[in-house]
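Results of the structural survey
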Amino acid sequence: MPQITKLRLLLSSAHYPASLLLLRKPTSASFSLLFTPTKTLRPISLFTPFSSLSKKNRTHLSRPLTQRNHSSFGETGRREKAAPPMEEIGSVGFNKRRAEGNDKSDRPKKILSLKDRKLNPANTICYVQIMGTGMDTQDTSPSVLLFFDKQRFIFNAGEGLQRFCMEHKIKLSKIDHIFLSRVCSETAGGLPGLFLTLAGIGDEGMAVNVWGPSDLKYFVDAMRSFIPKACMVHTRSFGPSAGSDEGDISGSRKFSDPIVLIDDEVVKISAILLRPSLSEFDAEEGRNQYSELVVKPGDISVVYVCELPEIMGKFDPKKAVALGLRPGPKYRELQLGNSVKSDRQNIMVHPSDVLGPSIPGPIVLIVDCPTSSHLPELLSLHSLSSYYGDMSGNPPETSKAVNCIIHLSPAAVTNTKDYQKWMTKFTGAQHIMAGHEIKNVEIPILKGSARIAARLNYLCPMFFPAPGFWSLQHLNGSAPVDLVSCSQVPVSKLCESIPAENLLKFHLRPYAQLGLDRSGVPTTNSSSEIIEELLSEIPEIVDAAQQVNQFCHTTPVLNNNVIEEPWLSENTLPSCLEDISREDMEIVLLGTGSSQPSKYRNVSSILINLFSKGSLLFDCGEGTLGQLKRRFGVDGADDAVRGLRCIWISHIHADHHTGLARILALRRDLLKGVPHQPLLVIAPRRLKRYLDAYQLLEDLDFQFLDCRHTTESSLEAFESDTSEMSIEHNANGAGLKNQDVNSTLFAKGVPMQSHWNRPDSPVNNSVVISILRNLKEVLKEAGLEALISFPVVHCPQAFGVALKAADRLNTAGKVVPGWKIVYSGDSRPCPELVKASNGATVLIHEATFEDGMVDEAIARNHSTTKEAIEVGDSAGVYRIILTHFSQRYPKIPVFDETHMHKTCIAFDLMSVNLADLPLLPRILPYLRILFRNEMIVDESDDVVDASVSAAN
């Protein structure tokens, strides 16, 4: 294959002059240069007016992007609106209103409307379907879809629901109601993103009815800290609150009495509440067996009963004529169940006079019995007795035959004899076990993403390891501990059942099709099949993979600290990489998309893997846990969560933090009974309001530290005098005493200065000092020297972070400086980011837009590809990894290869070992071959962009 000398992935856009203040290259990678004096800045070029970059002068794709119906929440905003006011920081433009949180285009209308459906009582199609949002990674509870011609109901909305719906072309805009079987991160983690997505559909936005037990109010209160109230006006809780006997809807009633939520001509949906009871072990301590516990938030679970109306018998026109009816509209009324007056006789004709025997309407139960403590309550539910079969002793006229029961309960509960015996009471019902099943772990739900991952792995296993679901060594040859019980069968199985499978259906109507339907269940799609398809499609990829394998396994030759890299004219190897070990550090890009999860890219999350010394997370968007499990396998992801030292969050937008509760909850469960410290969460202070409110629902076991307390000046104050900590609030309770605003983001007198330094909630200084000491100890144990946050230009309280490793001794006993990683978060180019990046080993920088979309980048306070690279070039960083790409670029972004001599673009699940950094840019030309047939077309025509202010 000829040598590849030029790289132009797809199409590059029009160029524009250098857009930020460039710095002299630093002479050292020392961490002392992290915050160099401002006098080292040397302006080389300034912004040209952005108005000169009119759309008509830009290069466009030969095939235009599919246009989304952008709402006021759209990523690029409404184009017909006037441009937002542009301010400048060091000659770099930004949207001042958005940076201050005053961009009105980010706000929904006061009340989002519900969809107005015209119901069709005579539905021709109705079924329940397994929507296995966590079935391949076991990170969330599966969702269940109840489908009608004119209505859609979803039960549970765990993380990954949006990606699942996009993958399988299920339109979120068609969903009318969401029901939660419990209120926790496992069942409701996808709600925040779903609210924001629906709010961005169309010009007016949409809303959905969300139902859940009384605990739902705690979750809604928590979400209000970052989601507009207008997005959540249709949330409805039912049943008694914790410790009370009254429900929000039904008033005074017995706890386990059915609560009717929906009752129309199409379906009746009722909720039956379960609460935990004391076990036999507790009874031995002097309490009555199965006595009631005090119900705490998060304890309540729900059994949902879905009943369709009976199917009327066949209409007999001969009987109608005999009763004096003429053919016409009255025939239809009788078929609908209404009585009519005879045309020829002075009598009323009733439906029973002209219809054959009716068929009882199908009934579906959705059962969530999460723990053995809930089982006694389930077994004793009198409200379910009318649904039991012949053995119940109910009169035949009062019995209701259940057709299908979907069990969301875990195997540890469903495999017990008591539960199995209870299942046998439902004579003739089809039991579908939707607790996590080991058979689904090896079948990726997100096939589009898995296909890309397998192709990348074939090209370069070094940077794109095999995903966990195809790398069975992560299971160590056997099922993980939490899966063993799922694969076991009770010694005497009392009730026949089938395991749930992704997209498995149970038809309810038409009646002739009543029963299971596996036609939509995905077939196993192995990596070998994907590679066969790739070789057939792009035969030359074989030579490309061989070349990549050759240079990846050839040891670079060092000569006076200059690595011989023939594809680069000059590239000095940083001293921190001397004698580096593969067990030192690895960067795992878990999510590389912006705004909302898409078919091929999840939202922001980066794992800094320190191997035996633990790990850190930079940002934690929705689905982060699922991505960990896709990368490392179920066991490996649990190990990674156990080993987390710290989670750092850049800003309050939902695409950067809504996976946090799920990670914290899993870590809590994994370390239960094991001595450990609460996990340190460093984030903007506003996020603490969310976490504190959420903790009323379930304990997350964390310590919180405001990003402001980890800025350079705050840490210097802490180090200088911990006995008289200088993190004191001034007279109005605002800011840090020693915070030097002039040397941070905004110079004195700039309008944004007052916004950055405005009052915030008072802080307990002694608590902050204690947590800072803990941070110092955590970093030391992980072999790290410092973690420093710095303000960036995006939204209020947006930060980037610099992570510096401690110095080490090489094999010759020489002191080797530690590596440094800088992560931009979401940001426009700004001096603080350039300063923080000075001499960095790796800069991970957002590159939301292509070079020809500068005005969009300014409007949303993001960066273009070229701007991100210029930040790295200005700061003299060794390698640049671009991430946070707009979802308008489904598989690969647009960029100009002339800027990419030290840069690589990120993909989900990409892993960059510190020892492999010299080779990182070499992979780019080969990516062009791999993606040569891919068009940049928005694949999600059916899911409208919803990059809300809180998710962008």
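Computed from a prediction, not measured in an experiment: that's the story for all the values here.

1. A word on the overall build of the protein
- In terms of regular secondary structure, the protein is built from 26 helices and 38 strands.
- The burial tally for the protein puts 61% of its 952 residues in the buried class.
- Expressed as a percentage of contacts within the protein between residues at least 6 apart in sequence, the contacts between residues at least 24 apart total 72%.

2. Looking at the nonpolar core
- Judged by nonpolar contacts, the single largest core of 113 residues is most densely connected at Leu 146, Phe 155, Ile 178, Leu 191, Ile 269, Tyr 304 and Ile 647.
- Among residues more than four places away in sequence, those in contact with Ile 269 are Leu 146, Phe 153, Phe 155, Phe 179, Ile 259, Val 260, Leu 261, Ile 262, Tyr 304, Val 305 and Cys 306.
- Judged by nonpolar contacts, the second largest core, of 102 residues, contains Phe 463, Ile 580, Ile 608 and Leu 705.

3. Considerations on the packing of helix 17 (residues 624-642) against helix 18 (residues 660-670)
- Two numbers describe how helix 17 lies on helix 18: the axes approach to 11 Å, and their chain directions differ by 30°. Looking at the two axes, helix 17 sits roughly parallel to helix 18. Classified by chirality, the crossing of helix 18 by helix 17 is right-handed. The residues of helix 18 that touch helix 17, namely those facing Thr 624, Leu 625, Leu 628, Asp 638, Val 641 and Arg 642, are Arg 662, Ile 663, Leu 666, Arg 667 and Leu 670.
- The class makeup of the residues in the contact of helix 17 with helix 18 is 6 nonpolar, 1 polar and 4 charged.

4. Re helix 15 (residues 527-537)
- Along helix 15, the residues that are buried comprise Ile 530, Ile 531 and Leu 534. Looking down the long axis of helix 15, one finds its buried residues gathered within 95° of arc, a one-sided arrangement. In helix 15, the exposed residues that point more than 90 degrees away from the buried face are Glu 532 and Ser 536.
- Packed against the buried residues of helix 15 are helix 13 (447-459), helix 16 (541-552) and helix 26 (924-930).

5. Focus: the pairing of strand 4 (residues 143-148)
- Across the 6 residues that make up strand 4, a large majority, 6, are buried.
- Pairing of strand 3 (residues 126-131) with strand 4, which is carried by 6 bridges, proceeds in the antiparallel orientation. Pairing of Cys 126 across the sheet is with Phe 148, part of strand 4.
- Pairing of strand 4 with strand 5 (residues 152-155), which is carried by 4 bridges, proceeds in the antiparallel orientation. Looking at strand 5, one finds that Val 144 is bridged to Phe 155.
- Adjacent in sequence and paired antiparallel, strand 4 and strand 5 are bridged by 3 residues.

6. Concerning the packing of aromatic side chains
- Taken as a whole and assessed by the stated rule, the structure comprises 21 aromatic pairs.
- Plain terms: the ring middles of Phe 618 and Tyr 823 are 6.0 Å apart, the flat faces sit at 5° to each other, and that makes the pair stacked. Residue Phe 618 is located in strand 26 (residues 615-620), and its partner Tyr 823 is located in strand 34 (residues 820-823); the two are separated by 205 residues in the primary sequence.
- By relative accessible area, which is 0% here, Phe 618 ends up buried.
- The ring of Tyr 878 is capped by Arg 879, whose NZ or CZ atom sits 4.0 Å from the centre of that ring.

7. Structural notes on the confidence of the model for the protein
- On average, residues of the protein score 79 in pLDDT, and 73% of them reach the 70 mark or higher.
- Low confidence marks residues 245-251, where pLDDT is under 50. Its contacts with residues over four positions away, or in another chain, come to 19 contacts.
- Within the model, the stretch residues 280-292 combines pLDDT values under 50 with 12 contacts to residues more than four positions away or in other chains.

8. Regarding the packing of helix 5 (residues 216-223) against helix 19 (residues 685-694)
- Where helix 5 meets helix 19, the axes come as close as 8 Å, and the angle between the chain directions of the two elements is 175°. In terms of orientation, helix 5 lies roughly antiparallel with respect to helix 19. In this structure, helix 5 uses Tyr 218, Phe 219, Asp 221, Ala 222 and Met 223 to contact helix 19, whose residues at the interface are Tyr 690, Ala 693 and Tyr 694.

9. Considering the pattern of salt bridges
- Summed over all chains, the structure comprises 29 salt bridges.
- When the shortest N-O distance is used, the salt bridge between Glu 100 and Lys 96 registers 4.0 Å. Linking Glu 100 with Lys 96, this pair stays in helix 1 (residues 96-100), spanning 4 residues, or about one helical turn.
- Judged by its relative accessible area of 15%, Glu 100 falls in the buried class.
- Note that Arg 932 and Glu 540 form a salt bridge whose closest N and O atoms lie 2.0 Å from each other.

10. Thoughts on the sheet that holds strand 7 (residues 209-213)
- The sheet built from 8 strands is open, its strands ordered 8-7-6-5-4-3-20-21 with mixed pairing. With partners counted over all chains shown, the strands left at the sheet margins are strand 8 (235-238) and strand 21 (515-517), one partner each. Sheet twist, expressed as the average angle between the axes of neighbouring strands with direction ignored, equals 25°.

11. Examining helix 22 (residues 765-781)
- For helix 22, which comprises 17 residues, the first-to-last C-alpha distance of 24 Å matches the rise-based estimate of 24 Å (1.5 Å per residue) to within 8%.
- Inspection of helix 22 places Val 768, Ile 769, Ile 771, Leu 772, Asn 774, Leu 775, Val 778 and Leu 779 among the buried residues, and these make up the whole buried set.
- As for helix 22, its buried residues are in contact with strand 27 (644-648), strand 28 (679-683), strand 29 (702-706), helix 20 (712-720) and strand 30 (784-791).

12. Comments concerning the sheet that holds strand 38 (residues 910-913)
- One open sheet accounts for 7 strands, arranged 29-28-27-26-25-24-38; its pairing is mixed. Only two strands of the sheet have a single partner each, and these edge strands are strand 29 and strand 38. Strand-to-strand twist across the sheet, computed as the mean angle between neighbouring axes with direction ignored, equals 20°.
- Packing against the sheet, helix 22 makes contact with strand 27, strand 28 and strand 29, and its axis sits at approximately 105° to strand 29.

13. Thoughts on the environment of Val 266
- Along the polypeptide, Val 266 turns up in the loop between strand 11 (259-263) and strand 12 (268-274).
- Between the C-alpha atoms of Val 266 and Pro 309, which are 43 residues apart in sequence, the distance is 6.8 Å.

14. Focus on unusual backbone geometry
- With an omega of 0°, the peptide bond between Arg 509 and Pro 510 qualifies as cis.
- Following the sequence through the fold, Pro 510 ends up in the loop between strand 20 (505-509) and strand 21.
- The backbone of Asn 156 sits at a positive phi, close to 80°, despite the residue not being glycine.
- Within the secondary structure layout, Asn 156 lies in the loop between strand 5 and helix 2 (161-167).
- Since its relative accessible area comes to 0%, Asn 156 is described here as buried.
- At Ser 595, a position not held by glycine, the phi torsion is positive, near 75°.
- Along the chain, the position of Ser 595 falls in the loop between strand 24 (586-591) and strand 25 (605-609).

15. Quick look at the pairing of strand 16 (residues 363-367)
- The element strand 16 is extensively covered by neighbouring structure, given that 5 of its 5 residues are classed as buried.
- Neither face of strand 16 is exposed, since Ile 363, Leu 365 and Val 367 on one face and Val 364 and Ile 366 on the opposite face are all buried.
- As judged from the 5 bridges shared by strand 13 (residues 301-307) and strand 16, these two strands associate in the antiparallel manner. By the bridge assignment for strand 16, Val 305 is matched with Leu 365.
- One ladder, built from 4 bridges, connects strand 16 with strand 17 (residues 404-407); its direction is parallel. Its bridge partner lying in strand 17, Leu 365 is registered against Ile 405.

Scoring rules and cut-offs
Residues numbered from 1 in each chain as written. Predicted model: local features only at pLDDT ≥ 70, side-chain atom pairs only at ≥ 80, totals over all residues. Heavy atoms only, no water. Helix = DSSP H or I, 4+ residues; strand = E, 2+ residues; numbered from the N terminus. Buried < 20%, exposed > 50% of the residue type's maximum accessible area, 1.4 Å probe, protein only. Contact = heavy atoms within 4.5 Å. Core = buried A, V, L, I, M, F, W, Y, C linked by side-chain atoms within 4.5 Å. Axes fitted to C-alpha atoms, helices over the stretch in contact; angles between N-to-C directions. Parallel < 35°, antiparallel > 145°, perpendicular 65-115°, else oblique. Left-handed = near helix turned anticlockwise from the far one by under 90°. Nonpolar A, V, L, I, M, F, W, Y, C, P; charged D, E, K, R; others polar. Arc of directions from axis to C-beta. Pairing = 2+ DSSP bridges. Phe/Tyr/Trp six-rings, centres within 6.5 Å; stacked < 30°, edge-to-face > 60°. Lys NZ or Arg CZ within 6 Å of the ring centre and 35° of its normal. pLDDT = per-residue confidence, 0-100. Salt bridge = Lys/Arg side-chain N within 4 Å of Asp/Glu carboxyl O. Expected span 1.5 Å × (residues − 1).

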